[in-house]
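Listed here are the chains, written in short residue letters.
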Amino acid sequence: MPFPKRLILTYILLATAALAACSDEQQGDAPVAQVGRETLTRTQLLAALPAIASPADSAVFADKFIRTWVHRQVLLQKATEYLSSQNEDIEQAVNEYRSSLIIETYQNKLVEQKFNPQITNDDIQAYYEQMKHSFTLQDPAFKGCFAVIPASAPDQKDFLKTLSNFNEESSLKIEEYLFHHASKYNSSFDTWTSISEIRPFLPADFLPADFRSATKQPLLKAEKDGNLYVLKITHALPAGEIAPLEFVRKKISDILVSKRKLEFLNKANADIYEQAANDGSIKYFDNK
């Protein structure tokens, strides 16, 4: 049952006036709703209200907040009564969760304030050399250029000729044409790109079964649905090959950060334990 709107508006108006002219002690802490032994007070309600809201909006929010609080308390008290025989187990689980939450929050703050992984290129290179056989490509990768060009785009023959005869000097010209006329493109002559990134935009059966054979062709192209699909591959690696370092650099960096974070927290935990042991905070009792 909704909390009476008139009473809610009264609380809002009283609260507005009280906050402007009175202290918390002068306002008191009048009850707003009660379920069993649990009471929702005006202070709790006011604390939950949005800081900036019109009286009408505040009334709507207060009504919803009170109804939610009442329903939750009814359910909680019913569940507590029903599970009274398991209260000890529940209390233990709650305490364990609370302890874990406090420790996790503390460790997150510690990492935020003091953790600095300092991952270098040498670190990444060394890890790659040691673990490279675990970094295999799930999909083929290529260096080159992919584009979807509307059939109405100008100078397509000249562009295709330039792309077919790609060299370093023509890369800027290719990039400029794609920027102005392609509806989608990925120009990556200097970096490896997974074919999975462009596959959703390719027509069916566009790619050859032997992916490496594409490097021997000037261009792969197809016309469909008013578009010209173009793929120029200068270098290719099939699925199952060891991934190039640049392809997995970010992944390796994340792995090293995680490892160093774990080492940092283990050392911090050991230091805290050692300090507690040294200052006499820890005591063991022989109860044999």
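Check the entry above for the structure.
Residues numbered from 1 in each chain as written. Predicted model: local features only at pLDDT ≥ 70, side-chain atom pairs only at ≥ 80, totals over all residues. Heavy atoms only, no water.

Trainee: When you look at the overall build of the chain in this model, what are you seeing that I'm missing?
Mentor: The helix and strand tally for the chain stands at nine helices and six strands. Residues classed as buried in the chain amount to 31% of the 288 residues present. Pairs at least 24 apart in sequence give 70% of the contacts found in the chain among residues at least 6 apart. For the chain, the accessible surface area stands at approximately 20,000 Å², while carbon and sulfur atoms represent 53% of it. (Helix = DSSP H or I, 4+ residues; strand = E, 2+ residues; numbered from the N terminus. Buried < 20%, exposed > 50% of the residue type's maximum accessible area, 1.4 Å probe, protein only. Contact = heavy atoms within 4.5 Å. Areas by Shrake-Rupley, 256 points an atom, 1.4 Å probe, with all protein chains shown as cover.)

Trainee: What is the right way to look at the packing of helix α5 (residues 87-114) against helix α9 (residues 245-278) in this model?
Mentor: Helices that pack against each other are described as a pair by the angle of their axes relative to one another and the distance between those axes. The interhelical angle for the contact between α5 and α9, taken along N-to-C directions, is 115°, at an axis separation of 11 Å. In this view, α5 runs roughly perpendicular relative to α9, as classed from their interaxial angle. The handedness of the crossing between α5 and α9 comes out as right-handed. Facing α5, whose interface residues are Y106, Q107, L110, V111 and K114, α9 presents K261, F264, L265, A268, N269 and I272. When the residues that make up the contact of α5 with α9 are grouped by side-chain class, the tally is seven nonpolar, two polar and two charged. (Axes fitted to C-alpha atoms, helices over the stretch in contact; angles between N-to-C directions. Parallel < 35°, antiparallel > 145°, perpendicular 65-115°, else oblique. Left-handed = near helix turned anticlockwise from the far one by under 90°. Nonpolar A, V, L, I, M, F, W, Y, C, P; charged D, E, K, R; others polar.)

Trainee: Please explain α5 as it appears in this structure.
Mentor: Here α5 is 28 residues long and its end C-alpha atoms lie 40 Å apart, about the 40 Å a rise of 1.5 Å per residue gives. Those residues of α5 that are buried lie in contact with α9. (Expected span 1.5 Å × (residues − 1).)

Trainee: Would you mind going over the sheet that holds strand β6 (residues 227-237) with me for this structure?
Mentor: One key point about sheets: their strands pair by backbone hydrogen bonds, in either a parallel or an antiparallel sense. Pairing is antiparallel across the open sheet formed by four strands, whose spatial order is β4-β3-β6-β5. The strands lining the two open edges of the sheet, one partner per strand, are β4 (184-194) and β5 (220-224). Sheet twist, expressed as the mean angle between neighbouring strand axes with direction ignored, is 10°. Where strand β3 (residues 141-150) and β4 come together, seven bridges link them in antiparallel fashion. Residue V148 lies in a different strand from β4, and its bridge partner there is K184. Against the sheet, helix α7 (residues 156-164) engages β3, β4, β5 and β6, with an angle of about 5° to β6. (Pairing = 2+ DSSP bridges.)

Trainee: I'm lost on the packing of aromatic side chains in this one. Help?
Mentor: The way to describe two aromatic rings as a pair is by their centre distance and the angle between their planes. The tally for this structure, following the rule as stated, stands at five aromatic pairs. With a centroid separation of 4.3 Å and an interplanar angle of 15°, the aromatic rings of F159 and Y177 are classed as stacked. With a gap of 18 residues between them, F159 in helix α7 and Y177 in helix α8 (residues 171-181) connect regions that are remote in the sequence. Assigned by exposure class, F159 and Y177 land together as buried. Measuring from centroid to centroid gives 3.8 Å for F166 and F189, while their planes differ by 5°, and the two rings are stacked. Taken together, the positions of F166 in the loop between α7 and α8 and F189 in strand β4 put the pair 23 residues apart, joining distant regions of the chain. The exposure class of F166 is buried, given its relative accessible area of 19%. (Phe/Tyr/Trp six-rings, centres within 6.5 Å; stacked < 30°, edge-to-face > 60°.)

Trainee: Explanation requested: helix α6 (residues 121-131) in the structure shown.
Mentor: Helical periodicity: at 3.6 residues per turn, an α-helix aligns residues three or four positions apart in one direction. Listed in full, the buried residues belonging to α6 are I124, Y127 and Y128. Seen along its axis, α6 keeps its buried residues to an arc of 100°; they face one direction. In α6, the exposed positions that point more than 90 degrees away from the buried face belong to D122 and Q130. On its buried face, α6 is in contact with α9. (Arc of directions from axis to C-beta.)

Trainee: Honestly, the pattern of salt bridges in this entry has me stumped. Any pointers?
Mentor: When the charged atoms of two side chains lie near each other, side chains of opposite charge can form a pair. For the structure on display, the rule yields six salt bridges. Between K250 and D254 there is a salt bridge; the shortest N-O distance is 2.9 Å. Residue K250 and its partner D254 are located together in helix α9, separated by four residues, close to a single helical turn. Take K250: its relative accessible area is 58%, and that puts it in the exposed class. On the accessibility criterion, D254 (35% relative accessible area) is partly exposed. (Salt bridge = Lys/Arg side-chain N within 4 Å of Asp/Glu carboxyl O.)

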